[in-house]
Amino acid sequence: MPTTTSGFFLQCASRGTLELVLPAADTPFGVEHHRREEASGPWRHVATFAGGLGPVDAVSLIQSNFGDPGHLEAVARIGDRLAAFWCAPSSEPSWSEPRFFAEGATGDPALIQGGFGGKGNFELVVPHASGGIAHYHRDNDTAELGWRGPVIFGEGLGRFEAVAMIQRVGGAPHGPHAPGDLEVVARVGDRLVMFWRSPGSGAAWHGPEEVVSGVRGAPALVRSTIGGPGTLELFSPLARVGLARWCRDDGARGARFRGPTVFATDLGRCDAVSVIESWPLGRIELAVRAEGRIVHAARDGAVWSQRAIVGNASPSPADVPSPATLPPPATTTNRPPAATTSRPPAATTNRPPAATPSRPPAATTSRPPPSTSSPPPAPLPTGASPRLRAGPHRAGFRRIGALSLSADACYPDTWPFQGAIYRCPARSAALLYYPASADGEEAPLSSGGPFPVIAIAHERRLATSAATAGSPAGLAQDYRQLAGVMAHLARWGFVVVAPDLSWLTPDDAPLRRAAVLRDALTHLRAGSRGPLLADFARVGLLGHGLGAQAALALALDAACPFDVRALALLAPAGAPERALSIDALAPRPALVVRGTADPIAAAVPAALYDRARAPKHLVTLPGANHFGYTTSLGLAEPLDGRAGLSRREQQAIAMGYLAAFFNGYLRDARGDLDALSGKASLEGLEAREIPVSAEVPDGAAGS
């Protein structure tokens, strides 16, 4: 079956192999041909052609109905000239010599074999150097197989940078099996517009029709059959980072594209994308040119995963928009420079220094990036924070706004409590932090994965709670309040997710909150099998206040689909007599952190620690209150105690012990456990007297 979707990536209809072409980055230049024979096998380089022609700027690939099996056909742009090549799809393909047929081209060409003519003409569109888009076709019913054109259209919009083309199947007035319209999506500046024409000879091009804006690079179109009779899917690199997908029903003309769905932000700035629907699984697969490499990715249902890195690719200068084509910068900076601090000499102490994991130090911790709709910044504290050793990564974050809730997490209808009516949201929200190569929203993922996962259940306020100045009054922001802790854990190499629990009543049974926590992990796993590199065989849970009961409930749930290996309880609250049987957690470890100025969780931490079995650890923070662990949330007295520590000190000390606990038990960094057993001090806390108790499996205890 001839290829009716343009791009540089296809599945061979006769062999089932995946075929990909890309310009060679180094001398002698030419076009590299890569192939993947098996779904689980590697990509291999099978040929290089067009060598000696100088740098090749762009190339498009199809399989035609010439030969048996069908030939692979390519059109490459070398400078402003277009040349055609072909080969049989043998095990060791031998490509033809170039056949130059046009000049005045720029950008990436888009080649398909259409349905017009007895054999089916080749159709090609390419941005024209003088403006508009050039359309060429090759009449495959003639002996000379000559190219004809160009027909220029869209010239009133100026110079285009990239195009993608597809041919629809059937429809009025052609009939259900006749070839349908040719459709072209073209990028001009940061906008995508669409043109179309009937397949008959001499038919005029129509358009433009505005599609989307805020894009860059070369887009791709595919008509997928997943979920119905046909959906037109549009993919494009975004102007900043990552890719986006839009879709529309492939029916009557005039239907609008829905979207976007944003993904692959960890790839950084992308330059081009090519897409196919592979068989026999009917899976959407992509080849993405990004940051000097080609990444092969696939979608199973709604889940995207990275399959392989194919090779190097040099982005075409035509793919890089000028500053004028980029969208204006956001009014709030998402990536401020990290706050750096130099560590002073350690204070003299009788305690031995903590064992140091073999990780190179990186940038010191900083507050999460401020944004009007992102995790709120911490108020400036009056005290100086401890100089904790920073992790080897930076902290990137993402906002999750469409978290699906399971039936056991939701209320059956509405739920009255203390004069208020509670109801379940259609979709919930969550905050995600992850190890990154830079601080900020959607920052590129750091190397070194897969990374252990930590899920956080936050504390819950009442609507009548009086918040201190600088704290958000809206309860719906509570899930962001441990953003500082999340960022610190991300810098130590953990993927951390915190779902919104604010829509649940404070007296809810822990199992309902635990279900939301489980739903967040399920959502994260479904969307991170490849790019995020999260290791769901190493899961930790952290609960603050009432959220501690939810974390404990999930850890004790025998039906939980995740391997929960460690549980940390930060100022656990609630009625001690209603606490779940924490002793059943063993032999998995538990950490309990409490403050001496915490009236909300006064007796619960000690009660939980006493009931727990080894391995267990108890850290007591002198002068810490209940809400001082949060980034910017505080309750007015007497709802919370008067802290003897500044907010920054309380956060930093808790961060240090939490990171040591999860490093010790999710990474087997045994040296970090010395500080949790009273045998050593955390680096940066040597001068502080922090009571630590522990029971470990061999029966030894420290205090």
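Note that this is a predicted model, so its numbers are computed, not measured.

### Some thoughts on the overall build of the protein chain
Here's step 1: Each helix and strand counted, the protein chain has six helices and 37 strands in total.
Here's step 2: Across the 703 residues of the protein chain, 58% fall into the buried class.
Here's step 3: Here the analysis covers contacts within the protein chain between residues at least 6 apart in sequence; of these, 62% occur between residues at least 24 apart.
Here's step 4: If you sum the accessible surface of the protein chain, you get close to 27,100 Å²; carbon and sulfur atoms cover 53% of it.

### Quick word on helix 3 (residues 547-556)
Here's step 1: The element helix 3 is largely enclosed, with a buried count of nine among its ten residues.
Here's step 2: Gly 547, Ala 548, Gln 549, Ala 550, Ala 551, Leu 552, Ala 553, Leu 554 and Ala 555 are the residues of helix 3 that are buried.
Here's step 3: In this fold, the buried residues of helix 3 make contact with strand 30 (451-457), helix 2 (510-526), strand 32 (534-544), strand 33 (564-570) and helix 4 (604-611).

### As for the sheet that holds strand 12 (residues 147-153)
Here's step 1: One open sheet accounts for four strands, arranged 9-10-11-12; its pairing is antiparallel. Of all strands in the sheet, those bounded by a partner on one side alone are strand 9 (110-113) and strand 12. Strand-to-strand twist of the sheet, defined as the mean angle between neighbouring strand axes without regard to direction, takes the value 20°.
Here's step 2: Inspection of the sheet shows strand 10 (residues 122-127) paired to strand 11 (residues 133-138) by six bridges, in the antiparallel sense. Paired with Pro 127 across the two strands is Ile 133, which belongs to strand 11.

### Some words on unusual backbone geometry
Here's step 1: Cis rather than trans, the peptide bond between Gly 259 and Pro 260 has omega equal to 10°.
Here's step 2: Here Pro 260 is to be found in strand 20 (residues 258-263).
Here's step 3: Residue Ala 614 is joined to Pro 615 through a cis peptide bond whose omega torsion reads 0°.
Here's step 4: One non-glycine residue, Phe 29, adopts positive backbone phi at about 60°.
Here's step 5: Its place among the elements puts Phe 29 in the loop between strand 2 (18-23) and strand 3 (31-36).
Here's step 6: A relative accessible area of 22% means that Phe 29 is categorised as partly exposed.
Here's step 7: Although it is not a glycine, Ala 50 adopts a positive phi angle of roughly 65°.
Here's step 8: The exposure class assigned to Ala 50 is buried, which follows from its relative accessible area of 10%.

### A word on the confidence of the model for the protein chain
Here's step 1: Looking at the protein chain, the pLDDT average stands at 80 and 77% of residues meet or exceed 70.
Here's step 2: A low-confidence stretch, residues 313-384 stays under pLDDT 50, and its non-local contacts, those more than four residues away or across chains, total 152 contacts.
Here's step 3: In the model, residues 699-703 has pLDDT below 50 throughout and makes ten contacts with residues more than four positions away in sequence or in other chains.

### Quick notes on the pairing of strand 15 (residues 191-197)
Here's step 1: The buried fraction of strand 15 is high, at six of seven residues.
Here's step 2: Two strands pair when backbone bridges link them, and strand 14 (residues 179-188) and strand 15 are joined in this way by seven bridges, in the antiparallel orientation. Its bridge partner lying in strand 15, Leu 182 is registered against Arg 197.
Here's step 3: In sequence, strand 14 turns back onto strand 15 through a hairpin of two residues, with Gly 189 there showing a positive phi of about 65°.
Here's step 4: By the bridge criterion, five bridges tie strand 15 to strand 16 (residues 206-213) in an arrangement that is antiparallel. Each residue of the ladder has a partner; that of Trp 196, found in strand 16, is His 206.

### Some points on the packing of helix 1 (residues 483-491) against helix 5 (residues 647-666)
Here's step 1: Axis separation between helix 1 and helix 5 bottoms out at 10 Å; the angle between their running directions is 45°. The angle between helix 1 and helix 5 falls in the class oblique. For helix 1 against helix 5, the interelement crossing comes out right-handed. Between helix 1 and helix 5, the contacting residues are Gly 484, Val 485, His 488 and Leu 489 on the first element and Met 655, Gly 656, Leu 658, Ala 659 and Phe 662 on the second.
Here's step 2: Of the residues assigned to the contact of helix 1 with helix 5, the class counts are six nonpolar, three polar and no charged.

### Remarks on the nonpolar core
Here's step 1: Formed by 53 residues in total, the largest nonpolar core has its most connected members in Tyr 433, Ile 454, Leu 542, Val 619, Tyr 629, Tyr 657 and Phe 662.
Here's step 2: Setting aside its immediate chain neighbours within four residues, Tyr 657 contacts Leu 591, Val 619, Ala 675, Leu 676, Leu 682, Leu 685, Ile 690 and Val 692.
Here's step 3: By size, the runner-up hydrophobic cluster in this structure holds 51 residues, among which are Leu 405, Ile 582, Val 592 and Ala 612.

### Some points on the packing of helix 2 against helix 3
Here's step 1: Contact geometry for helix 2 and helix 3: axes closest at 8 Å, N-to-C directions at 70°. Taken as axis vectors, helix 2 and helix 3 run roughly perpendicular relative to one another. Facing Pro 510, Leu 511, Arg 513, Ala 514, Leu 517, Arg 518 and Leu 521 of helix 2, the residues of helix 3 in contact are Gln 549, Ala 550, Ala 551, Ala 553 and Leu 554.
Here's step 2: Here the contact of helix 2 with helix 3 is composed, by residue class, of nine nonpolar, one polar and two charged.

### With respect to the pattern of salt bridges
Here's step 1: The final tally for this structure, using the stated rule, is 23 salt bridges.
Here's step 2: Linking Glu 19 and Arg 35 is a salt bridge whose minimum nitrogen-to-oxygen distance equals 2.8 Å. Of this pair, Glu 19 sits in strand 2 while Arg 35 sits in strand 3, placing them 16 residues apart in sequence. The burial state of Glu 19 is the same as that of Arg 35; both residues are buried.
Here's step 3: Asp 249 is the partner of Arg 258 in a salt bridge, and the nearest nitrogen-oxygen pair spans 3.9 Å.
Here's step 4: By relative accessible area, which is 43% here, Arg 258 ends up partly exposed.
Here's step 5: Take Asp 249: its relative accessible area is 46%, and that puts it in the partly exposed class.
Here's step 6: Here the salt bridges do not stand alone but share partners, grouping Glu 37, Arg 44 and Glu 92 into one network.

### Comments concerning the sheet that holds strand 7 (residues 81-87)
Here's step 1: With antiparallel pairing, four strands are arranged side by side in an open sheet as 5-6-7-8. The open sheet has two edge strands with one neighbour each: strand 5 (58-63) and strand 8 (99-102). Across this sheet, the average inter-strand angle for adjacent strands is 25°, counted without regard to direction.

### A few points about helix 4
Here's step 1: Of all the positions in helix 4, only Val 604, Pro 605, Ala 607, Leu 608 and Tyr 609 are classed as buried.
Here's step 2: The elements touched by buried residues of helix 4 are helix 3, strand 33, strand 34 (590-595), strand 35 (616-621) and strand 36 (692-695).

### Overview of the environment of Gly 641
Here's step 1: Of note, Gly 641 is situated in the loop between strand 35 and helix 5.
Here's step 2: Accessibility expressed as a relative area gives 18% for Gly 641, which makes it buried.
Here's step 3: Expressed as a C-alpha distance, the spacing of Gly 641 and Phe 627, which sit 14 residues apart in the sequence, is 9.0 Å.
Here's step 4: Other than its neighbours up to four places away in sequence, Gly 641 contacts Ala 597, Pro 599 and Asn 625.

### Points about the state of the cysteines
Covalent bonding between the sulfur atoms of two cysteines defines a disulfide.
Here's step 1: Throughout the structure, instances matching the rule amount to zero disulfides.
Here's step 2: With no disulfide of its own, Cys 87 has Cys 12 as its nearest cysteine by sulfur position, at a separation of 9.3 Å.

### Section: the packing of aromatic side chains
Here's step 1: Inspection of the entire model under this criterion finds 16 aromatic pairs.
Here's step 2: Centroid distance Phe 122 to Trp 147: 6.3 Å. Interplanar angle 50°. Geometry classified as tilted. Of this pair, Phe 122 sits in strand 10 while Trp 147 sits in strand 12, and the two are 25 residues apart along the sequence. In this structure, Phe 122 and Trp 147 share a single accessibility class: buried.

Definitions and cut-offs
- Residue positions are counted from 1 within each chain, in the order its sequence is given.
- Two thresholds apply to this predicted model, a pLDDT of at least 70 for residue-level local features and 80 or more for giving and counting side-chain atom pairs, whereas whole-chain, interface and lining totals are computed over all residues.
- As a rule here, side-chain values cover all heavy atoms of the structure and leave hydrogens and water aside.
- Secondary structure elements follow DSSP: runs of H or I no shorter than four residues count as helices, runs of E no shorter than two count as strands, and numbering proceeds from the N terminus.
- Relative accessibility under 20% of the residue-type maximum defines a buried residue, over 50% an exposed one, and the middle range a partly exposed one, all with a 1.4 Å probe and only protein chains included.
- Working rule for contacts: check all heavy atoms of both residues, and any pair within 4.5 Å makes them a contact.
- To be clear on the numbers: accessible area is Shrake-Rupley with a 1.4 Å probe, and residue cover counts the displayed protein chains and nothing else.
- Should DSSP find at least two bridges between two strands, the strands are regarded as paired.
- The convention used is that axes are lines fitted to C-alpha atoms, helices contributing only their stretch in contact, and that angles between N-to-C directions extend from 0 to 180 degrees.
- Within a predicted model, pLDDT stands for the predictor's per-residue confidence, ranging from 0 to 100.
- Here the angle decides the label: under 35 degrees means roughly parallel, over 145 means roughly antiparallel, 65 to 115 means roughly perpendicular, and every other value means oblique.
- It is the rotation of the near helix from the far one that decides the hand of a crossing: anticlockwise by less than a right angle makes it left-handed, clockwise makes it right-handed.
- Nonpolar residues are Ala, Val, Leu, Ile, Met, Phe, Trp, Tyr, Cys and Pro. Charged residues are Asp, Glu, Lys and Arg, and all others, Gly as well, are polar.
- Residue types Ala, Val, Leu, Ile, Met, Phe, Trp, Tyr and Cys, when buried and joined through side-chain atoms within 4.5 Å, form a set referred to as a nonpolar core.
- Salt bridges are defined by distance alone: a side-chain nitrogen of Lys or Arg within 4 Å of a carboxyl oxygen of Asp or Glu.
- The criterion for a disulfide is a pair of cysteine sulfur atoms lying within 2.5 Å.
- Aromatic rings from Phe, Tyr and Trp, taking only the six-membered ring of Trp, are treated as a pair when their centres fall within 6.5 Å; an angle between ring planes under 30 degrees marks them as stacked, one over 60 as edge-to-face, and anything in between as tilted.

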